[in-house]
Amino acid sequence: MNVVSKPLPSLDGKALMMGRQAYTDDFAAAGSLIVKALRSPHPFAKIVQIDAAEARKIPGVELVLTFRDFKRIPFTRAGQGYPEPSPHDKFVLDEYVRYVGDEVAIVAAADAKTADEAIAAIKVKYELLPPVLDCETAYKNPSVLHPEPEIHEMFPIGFDPKNNVAASYKMNVGDVDAVLKTCDVVVERTYRTSAQSHAAMEPHAANARFDHQNRLVLYATTQTPVHIRRIISQALDYPLAQIRVVKPRVGGGFGGKQAIAAELFVAAAAIRTGKPCRMVYTRKEVFEATYTRHAMKIDMRLGAMKDGTLKAIDCQVLSDTGAYGEHALTVFMVTGSKVLPLYNKVDAVRFAGTVVYTNHTPAGAFRGYGAIQGNFALESAVDELCAALRMDPAAFRKKNMMREGETSPIFAIMGEGTEGTAMTMDTCKLPFCVDRGMELCDWAHHFPRRIVAKNRVRAVGMAIAMQGSGIPLIDMGAATIKLNDDGFYNLLVGATDIGQKSDTVLGQIAAEELGVPLSRMIVTSSDTDTTPFDTGAYASSTTYVSGNAVLKAAKKMKETLVAEAASILGTTRDQVAFDGETFVAESGRLTLRDLSNRLFYNHGQKQITVTESYVGHKSPPPFMAGFATVDVDTETGEVDLVDYVSVVDCGTTINPKLAQGQVEGAIVQGIGITMFEEPAYGKDGKMASNDLLTYKIPTRLEIRRLTTEFAVSYEESGPFGAKSVGEIGIDTPPAAIANAIYNAVGVRIRELPITPEKIWRGIQSARQSK
Amino acid sequence: MKISVEVNGLRRAFDVEPGDYLVDTLRGAGLFSVRRGCDSTSCGICTVLVDGRPVPSCSYLSIRADGRSILTVEGIASEAAKIADRFGAEGADQCGYCNPSVALAVYALKRTKPKASDDEIREWLVGNLCRCSGYQSQLAAIRSYLEERP
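Thresholds applied
In this numbering scheme, every chain counts its residues from 1 along its sequence in written order. As they are written, the chains are lettered A onward and the ligands numbered 1 onward, keeping that order. In keeping with the predicted nature of the model, local features appear solely for residues at pLDDT of at least 70, side-chain atom pairs appear and are counted solely at 80 or more, and the whole-chain, interface and lining totals rest on all residues. Runs of E in the DSSP output that reach at least two residues are strands. Runs of H or I that reach at least four are helices, and both are numbered from the N terminus. This radius of gyration counts C-alpha atoms alone. The globule rule is 2.2 Å times how many residues there are, raised to the power 0.38. Any residue whose C-beta has 12 or fewer other C-beta atoms within 10 Å is treated as exposed, any with 20 or more as buried, and any in between as partly exposed, C-beta atoms being built from the backbone. Any residue pair is listed as a contact if its two C-beta atoms, each placed from the backbone, are within 7 Å. Between N-to-C directions, angles cover 0 to 180 degrees, with each direction set by a line fitted to C-alpha atoms, over the stretch in contact for helices. An angle below 35 degrees is treated as roughly parallel, one above 145 as roughly antiparallel, one from 65 to 115 as roughly perpendicular, and anything else as oblique. Here a crossing is called left-handed whenever its near helix is offset anticlockwise from the far helix by less than a right angle, and right-handed whenever the offset is clockwise. Three classes are used: nonpolar for Ala, Val, Leu, Ile, Met, Phe, Trp, Tyr, Cys and Pro, charged for Asp, Glu, Lys and Arg, and polar for all others, with Gly counted as polar. DSSP calls a pair of strands paired once it identifies at least 2 bridges connecting them. For the domains described, the bounds stem from an automatic or database domain assignment. For our purposes the nonpolar core covers buried Ala, Val, Leu, Ile, Met, Phe, Trp, Tyr and Cys residues that link as a set through C-beta atoms within 7 Å.

From N to C terminus, chain A includes 19 helices and 27 strands. Expected size for 770 residues packed as a compact globule is a radius of gyration near 27 Å; at 27 Å, chain A falls within 12% of this value. Considered along the principal axes of its C-alpha atoms, chain A spans approximately 90 × 75 × 50 Å. Expressed as a percentage of its 770 residues, the buried residues of chain A come to 62%. Taking all contacts inside chain A whose residues are at least 6 apart in sequence as the whole, residues at least 24 apart take part in 80%.

Dropping the structure here:
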């Protein structure tokens, strides 16, 4: 390998650090109208009167849109494949507002101050409705969030809006209740995970203008340009062929930019005014009025025999999707489908639950996508079971966990909104990951705890995890490679680089196969007019699905070039050797540079371009073992995270440094939700943590040490042996840290975030009961 | 009101309102590296150097800059490229949105505390949030840049 498996610097890192024009708002047309939204101050209300006459009279105000200005077209903002597994329960603007921050009106004005004045001048009379602010009271609540008749599901997802149910699902293998009765030990516990805000550093933004053909051109902070184009067409009833979506550099996504946001409003404003429009969300809007992770309540029952054989898993989920059902079903299904197969040797497993509407900020996709929630419950419960069995949790896991060559019936049963796809684990280096992680954190020395100073206990805790590599038979990626004169290539991908550096990774795959340095592979993503189809950057699909498309395209390009060279050299293809730079046959030699120049200027002139597509027939899971080493102050409950060890099996790391960056970035987001991140709502339904002062994400001070290693692993079905690695890192911190804290002070926290206060209260109540 | 500011070595005149913030004045002048990440002075994305010191330009009134000297990353291009090389070698750059602000802070650190310890690096940059990297690779990259001879 000359390019793959090399820790090459990213293609765009240097220019981005030098401050080049690169992100969405950098491309807003000069003189664009400023688009802003009037947002609901109430968690649930009906707009009984809305008067924008005064606002429209203000000089400089070009446009005020209310729900009366839109056709009633229900759609979903989710940004998924079509037909979407999310309910069509959203209108661009509606006469109901369902969370604090929901859009009431859209204004476009000559400048920001005028737009603010216009917003202040819109008179709205609300009829306040009793909000649903606790997901445990949502089901069959007399306050129904979605009474509107037009909303619907695209296919059966358990949609039952009259009872505030966005989606529901159940499945079982074997008879869980019967098997649990035969178990020596059963633990039954309830775990709660909070929502989480993505807090990508670039706020959501979009801008639109009409081009020289009067087509609508949008720049957008999106993970899903193709879906954005489709949703705009559908929701605004505008011809799809007249829309172009350009994704420039994006300042982080993490799932928060999978669903549509500002794009809809700038498109609507540009279409109505015919003028260029721009919108940048304030940080408050990003927090309150984009999306969060789904908060969940998970009831977990595990049954095992005295020898540590796990026999049954019973998992019941209640998920809070907030005001709209983006990703309601699929996130919840991943809580089962990418968690429960970890323990594939059980006799029975049951998974069921409901996703309910509440008057919270809508939940959506977020790295981990349900798996982190399920992992916290399952991997905490496993340690609770081990405590009851008096068994080392590492030994228990090694006895019961998924191994290479094995499968789980869950894969065939559960997909994302549909049936799943049966698959065998062709790569699963979990045994290595566990053993190596135990070495790296010195489990033998630290488990369960050591007193390191007065009132200071050090302990280790662990969790294992799996994720996926795209959605089989649904996620499609395509790649186009174009030969240029002078013998360099363009790689055009719809795969969406949102800062995870997929352009670099995909470029490395193409460059490796074509035998050129990365500098001769010019990677472009994404522009719906010029780059080929790709469902987008989600579901850990890019390296595996889009990467396979790139590899296929590179192979096809190589074959095509060899055929052209053979024709020039007067021989047959099989007589030509090609190392990426030179074609060699007995009849002569030809460099790629010469070939390309001849093909363009001298000999049978033609453009050589190839396009290939890939859709996965399986979704080989990356696996990992995570180990937290914590110091707990037994007087205050404060926790110092001393080290977080990750040993990851993601197959080949196409770029080891970038893969490490994916893992470590995800680990730190996982540490965030574990230890302090929590969107906090007041009793009035307002999000209290709506800026980066009140919503704390990890800073440099909390991250003392991360130890990240990769298992040697080669997934045959992946490009150069790779699986995906974007999400897996986020799954283990909640359970591993919770388990470490239990090992340190005997306090079991089953509700995220795990704050010093909760630990201190646990220590106090344990002391009192003694 | 008119202000006169040295921006990246060039003296420039700006016509600003009393409530204008420096981030908007500079961005309006075509300096794309200067951007907002929040509205509460808590993310560090809008960092620029005023008379050599990192300041959050989202809460720095433009009129305060009158007569002062401002550096954005466009003004330290060759040093930013060096810092970028260190980040690239460590895989420490991801989305890049925060990177110009981090480059400015690191540039100022090298001139203020060239022998900063890891903890001093963390303290110096605590206000520069990054949601992508997990920070550890950035620490290694920054250390390596500080150790690099000019």
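Past the structure itself, the notes keep going.
What follows concerns the packing of helix 8 (residues 328-337) of chain A against helix 9 (residues 371-389) of chain A. Between two packed helices, both the angle of their axes relative to each other and the distance between the axes serve to describe the pair. All names here are of chain A. Axis separation between helix 8 and helix 9 bottoms out at 7 Å; the angle between their running directions is 40 degrees. Considered as vectors, helix 8 and helix 9 are oriented oblique to each other. The handedness of the crossing between helix 8 and helix 9 is right-handed. In this structure, helix 8 contributes V334, T335 and G336 to the contact, and helix 9 contributes A371, Q373 and G374. When grouped by side-chain class, the residues that make up the contact of helix 8 with helix 9 number two nonpolar, four polar and no charged.

Glancing now at the packing of helix 9 of chain A against helix 10 (residues 393-400) of chain A. Residue and element names in this part refer to chain A. Two elements in contact, helix 9 and helix 10, have axes whose closest approach is 9 Å; the angle formed by their N-to-C orientations is 110 degrees. The pairing of helix 9 with helix 10 is recorded here as roughly perpendicular in orientation. In terms of crossing hand, the pair formed by helix 9 and helix 10 is right-handed. Contacts between helix 9 and helix 10 pair V382, D383 and C386 from the former with P393, F396 and R397 from the latter.

This part is about the pairing of strand 16 (residues 449-453) of chain A. Residue and element names in this part refer to chain A. Here strand 16 runs beside strand 17 (residues 456-466); their pairing, made up of four bridges, is antiparallel. Its bridge partner lying in strand 17, A453 is registered against R456. Joining the antiparallel neighbours strand 16 and strand 17 is a turn of two residues, in which N455 adopts a positive phi near 65 degrees.

Counting residues at the interface gives 43 residues for chain B, matched by 46 residues for chain A. Secondary structure elements with two or more residues in the side of chain B that touches chain A: helix 2 (77-90), helix 3 (99-112) and helix 5 (136-147) of chain B. Partitioning the side of chain B that touches chain A into residue classes produces 23 nonpolar, 14 polar and six charged.

All names here are of chain B. Along its sequence, chain B is carved into domain 1 (2-74) and domain 2 (76-147). The centre of domain 1, based on its C-alpha atoms, is set 21 Å off from the matching centre of domain 2. Contact with domain 1, which involves 14 residues of that partner, is made by 14 residues of domain 2. At the level of elements, strand 3 (47-50) and strand 4 (53-56) are the ones that each hand at least two residues to the side of domain 1 that touches domain 2. Here the element with the most residues in the side of domain 1 that touches domain 2 is strand 3; it accounts for three residues. Taken together, the residues that form the side of domain 1 that touches domain 2 break down as eight nonpolar, four polar and two charged.

Residues and elements named next belong to chain A. The buried count for strand 6 (residues 123-128) comes to zero of six residues, which makes it a mostly uncovered element. Pairing geometry for strand 2 (residues 45-51) and strand 6, over six bridges, is antiparallel. If you follow K46 over to strand 6, its bridge partner there is E127.

Right, let's talk about the nonpolar core for a bit. Soluble, globular proteins show a tendency: their nonpolar side chains are buried together. All names here are of chain A. If you look at the biggest cluster of nonpolar residues, it comprises 307 residues, and the most contacted ones within it are V107, V266, A269, L491, V550 and I741. Element by element, the count of residues in this core is highest for helix 15 (residues 542-569), at 13 residues. Sequence-distant contacts of V107, defined by excluding residues within four places in its chain, comprise K36, A55, V61, L63, V64, A115, A118 and I119.

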